[in-house]
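# Structural overview for review
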Amino acid sequence: MSDVKKEFVQLLANYGHIGFTFVSAILIGLGGGIYLDQKVFDGRTAPWFTFIGLAFGIAAGYKTLLEILWKNKKTEEKQNHDE
């Protein structure tokens, strides 16, 4: 495989990982909030824990997104410095 194709596949995998991680964090937070509302508190707190779970999921998604982007930026800077 040529260098361009390898780089393309690496970038595609990297950005696919970012999207998958972001969406899964949101869905896990939302699912946890719905579970708490419906099963633990028998719907008495609905929709509060759903909103709280969604907010935590979004925050976790953005945190992970920023960590991945910072890691990639440092790797890129190190590669540019080595050249």
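See the structure printed just above.
Because the structure is predicted, anything quoted here is derived from the model rather than measured.

Relative to the 56 Å expected for 38 residues at 1.5 Å per residue, helix 1 (residues 3-40) spans 53 Å between its end C-alpha atoms, a close match to the ideal helical length. Ile 18, Thr 21, Ala 25, Ile 26, Gly 29, Gly 33 and Asp 37 are the residues of helix 1 that are buried. Residues of helix 1 that are buried make contact with helix 2 (48-82). Downstream of helix 1 by a residue or two, Asp 42 has a phi angle that is positive, lying close to 50°.

Moving on to the packing of aromatic side chains. Per the counting criterion, the structure on display carries 3 aromatic pairs. Between Phe 22 and Tyr 62, the aromatic rings sit 5.0 Å apart at their centres with planes inclined by 75°, giving edge-to-face as the arrangement. Separated by 40 residues along the polypeptide, Phe 22 in helix 1 and Tyr 62 in helix 2 bring together distant segments of the chain. Look at Tyr 62 and you get partly exposed, because its relative accessible area is 45%. Here Phe 41 and Phe 49 contribute two aromatic rings whose centre-to-centre distance is 5.1 Å and whose plane-to-plane angle is 5°, an arrangement assigned as stacked. Judged by its relative accessible area of 27%, Phe 41 is partly exposed. With a relative accessible area of 26%, Phe 49 lands in the partly exposed category.

Reading the values: rules and limits
- Residues numbered from 1 in each chain as written.
- Predicted model: local features only at pLDDT ≥ 70, side-chain atom pairs only at ≥ 80, totals over all residues.
- Heavy atoms only, no water.
- Helix = DSSP H or I, 4+ residues; strand = E, 2+ residues; numbered from the N terminus.
- Expected span 1.5 Å × (residues − 1).
- Buried < 20%, exposed > 50% of the residue type's maximum accessible area, 1.4 Å probe, protein only.
- Contact = heavy atoms within 4.5 Å.
- Phe/Tyr/Trp six-rings, centres within 6.5 Å; stacked < 30°, edge-to-face > 60°.

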